Amino acid sequence: MAHSAQLGFQDAASPVMEELLHFHDHALMIVFLISTLVLYIIVAMVTTTLTDAYILDSQEIEIVWTILPAIILILIALPSLRILYLMDEINDPHLTIKAIGHQWYWSYEYTDYADLGFDSYMVPTQDLTPGQFRLLETDHRMVVPMEAPVRVLVTAEDVLHSWAVPALGVKMDAVPGRLNQTAFIAARPGVYYGQCSEICGANHSFMPIVVEAVPLQHFEDWSSTMLEDA
């Protein structure tokens with residue numbers, strides 16, 4: 001999860017988030033090189049009075065500074081489009097979960113099971129136990145099996161919400177009357193935190209999302225326990 005004074009992204013916990021981090025570094029390096037070149041040209045123009053008629057009136061240079069930006073845009077656009085298609089591709093999900101946004105908590109329904117569903121409320125500060133994070137911990141976590149494609153159907157009951165978990169590289173708007181879908185694969189076991197990323201009202205910042213990725217056997221034991229308690 002994020003920590004204070006952090007400048008970069010959270011560590012990637014899914015293949016898609018790894019691709020997003022690589023693309024970020026790729027685009028940032030291009031921006032850095034362009035900024036360096038522009039800064040050098042500005043400094044050179046300000047600090048020197050020399051002029052060259054060949055440079056000031058040259059079709060070859062005009063061709064270069066027209067074609068070069070187009071090439072740079074292609075180098076940015078192609079990886080971006082590839083990642084967009086990867087994020088939108090959902091092939092044979094092993095588990096489908098419906099996340100419903102309310103004012104101001106989330107409900108989860110495991111649609112592959114008959115009666116497996118629960119509400120997920122933020123744990124009040126006075127009820128936190130040592131090791132739990134303030135404003136991020138919930139009374140019921142969304143438990144998923146690791147290394148398995150998970151599809152999340154996102155909607156809302158009242159106003160606009162947004163289901164987002166940065167470490168997994170997922171962010172999907174929850175719109176009343178509309179069913180949006182996203183997918184992720186948790187590459188390793190762990191607990192991943194997110195929050196509602198849409199300004200949905202007074203308690204907007206108190207809608208935490210906690211995804212717990214566990215081995216398949218542990219997930220089956222957890223689902224059996226939840227079904228017995230239902």
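From a predicted model like this one, the values you see are computed outputs, not experimental measurements. Counting of residues starts from 1 at the beginning of each chain's written sequence and follows it residue by residue. Confidence filtering applies because this is a predicted model: local features only for residues at pLDDT of at least 70, side-chain atom pairs given and counted only at 80 or more, and all residues used for totals across whole chains, interfaces and linings. Side-chain descriptors were evaluated using all non-hydrogen atoms of the structure, hydrogens and water having been removed beforehand.

### Structural notes on the overall build of the protein chain
Part 1: Strands here mean DSSP runs of E at least two residues long; helices mean DSSP runs of H or I at least four residues long; both are numbered from the N terminus. Secondary structure assignment for the protein chain yields four helices and 10 strands.
Part 2: Ordered by position from N to C terminus, the α and β elements of the protein chain give α-α-α-β-β-β-β-β-β-β-β-β-β-α.
Part 3: Buried residues are those whose accessible area, probed at 1.4 Å on protein chains only, stays under 20% of the maximum for their type, while exposed residues exceed 50% and partly exposed ones sit between those limits. Across the 230 residues of the protein chain, 31% fall into the buried class.
Part 4: Intrachain contacts of the protein chain at a sequence separation of at least 6 include 63% that bridge at least 24 residues.
Part 5: Areas reported as accessible are Shrake-Rupley estimates using a 1.4 Å probe. Residue values count occlusion only from the protein chains shown. Just so you have it, the protein chain exposes about 14200 Å², and 62% of that area is on carbon and sulfur atoms.
Part 6: Taking the average location of the 8 positive side-chain charges in the protein chain and that of its 28 negative ones, the two points are 3 Å from each other. Residues count as neighbours in contact if any of their non-hydrogen atoms are within 4.5 Å of one another. The charge count includes Lys and Arg as positive and Asp and Glu as negative, but it does not include His or the ends of the chains. All charge positions are set by atom: Lys at NZ, Arg at CZ, Asp at CG, Glu at CD.

### Overview of the sheet that holds strand β2 (residues 105-110)
Sheet strands pair by backbone hydrogen bonding; their relative direction is either parallel or antiparallel.
Part 1: Whether two strands pair depends on DSSP finding at least two bridges between them. Judged by pairing direction, the sheet is mixed, and its five strands sit side by side in the order β3-β2-β1-β5-β8 without closing on themselves. Two strands close off the open sheet at either side, each with one partner strand: β3 (117-120) and β8 (180-185). The mean angle between the axes of side-by-side strands here comes to 25 degrees, regardless of whether they run parallel or antiparallel.
Part 2: Relative to β2, strand β1 (residues 95-102) is paired through six bridges, and the arrangement is antiparallel. Residue pairing across strands places Gly101 opposite Trp106, the latter belonging to β2. In this analysis, axes come from line fits to C-alpha atoms, helices being fitted only over the stretch in contact, and the angle between any two N-to-C directions falls in the range 0 to 180 degrees.

### Looking at the UniProt feature "transmembrane region" (unreviewed entry) in the protein chain
Part 1: UniProt positions are given in the numbering used here, feature names are shortened, and annotations may be inferred rather than shown by experiment. Within this numbering scheme, the UniProt entry marks residues 27-51 and 63-85 as carrying the feature "transmembrane region" (unreviewed entry).
Part 2: Measuring from the first to the last C-alpha atom of residues 63-85 gives 33 Å, for a span that is 100% helix and 0% strand.

### Thoughts on a nonpolar patch on the surface
Part 1: Two distance rules govern patches: like charges are joined within 9 Å, and nonpolar side chains (Val, Leu, Ile, Met, Phe, Trp, Tyr) within 5 Å, applied only to residues with over 30% relative accessible area and no salt bridge. Any carboxyl oxygen of Asp or Glu within 4 Å of a side-chain nitrogen of Lys or Arg constitutes a salt bridge here. A surface patch of nonpolar side chains, about 830 Å² in accessible area, is lined by Ile34, Leu37, Val38, Tyr40, Ile41, Ile42, Met45 and Val46.
Part 2: Residue classification places Val46 among the exposed positions, given a relative accessible area of 67%.

### Re the packing of aromatic side chains
Part 1: Pairing of aromatic side chains requires ring centres within 6.5 Å, counting the rings of Phe and Tyr and the six-membered ring of Trp. Pairs whose planes differ by under 30 degrees are stacked, by over 60 edge-to-face, and all others tilted. As enumerated under the stated definition, the model contains nine aromatic pairs in all.
Part 2: Centroid distance Phe133 to Tyr193: 5.4 Å. Interplanar angle 80 degrees. Geometry classified as edge-to-face. Placement of Phe133 in the loop between β3 and β4 (142-145) and of Tyr193 in strand β9 (residues 190-195) is noted, with a sequence separation of 60 residues between them.
Part 3: Relative accessible area serves as the criterion here: at 34%, Phe133 is assigned to the partly exposed category.

### Some details on the pairing of β1
Part 1: The element β1 is extensively covered by neighbouring structure, given that seven of its eight residues are classed as buried.
Part 2: Looking at chain direction, β1 and strand β5 (residues 149-156) are connected through seven bridges and run parallel. Looking across to β5, one finds that Ile100 is bridged to Thr155.
Part 3: Where β1 folds back on β2, the antiparallel hairpin that results is connected by two residues.

### As for the pattern of salt bridges
Part 1: Considering all chains together, one arrives at four salt bridges under this definition.
Part 2: For Arg82, the salt bridge is made with Glu19, and the minimal N-O distance between the two is 2.9 Å. With Arg82 in helix α3 (residues 59-88) and Glu19 in helix α1 (residues 15-47), this residue pair connects regions lying 63 residues apart in the sequence.
Part 3: Looking at Glu19, the relative accessible area reads 24%, which means it is partly exposed.
Part 4: By sharing partners, the salt bridges in this structure join Glu137, Arg141 and Glu212 into a single network.

### Some details on the nonpolar core
Part 1: Residues Tyr110, Trp163 and Phe184 are the most contacted members of the largest nonpolar core, which totals 36 residues.
Part 2: Elements that contribute at least two residues to this core include exactly β1, β2, β4, β5, β6 (161-165), β7 (170-174), β10 (208-214) and α4 (216-229).
Part 3: Once residues lying within four places of it in the same chain are set aside, the contact partners of Tyr110 are Leu95, Thr96, Ile97, Leu116, Phe118, Met142, Val143, Phe219 and Trp222. Here, nonpolar core refers to any group of buried Ala, Val, Leu, Ile, Met, Phe, Trp, Tyr and Cys residues whose side-chain atoms link them within 4.5 Å.

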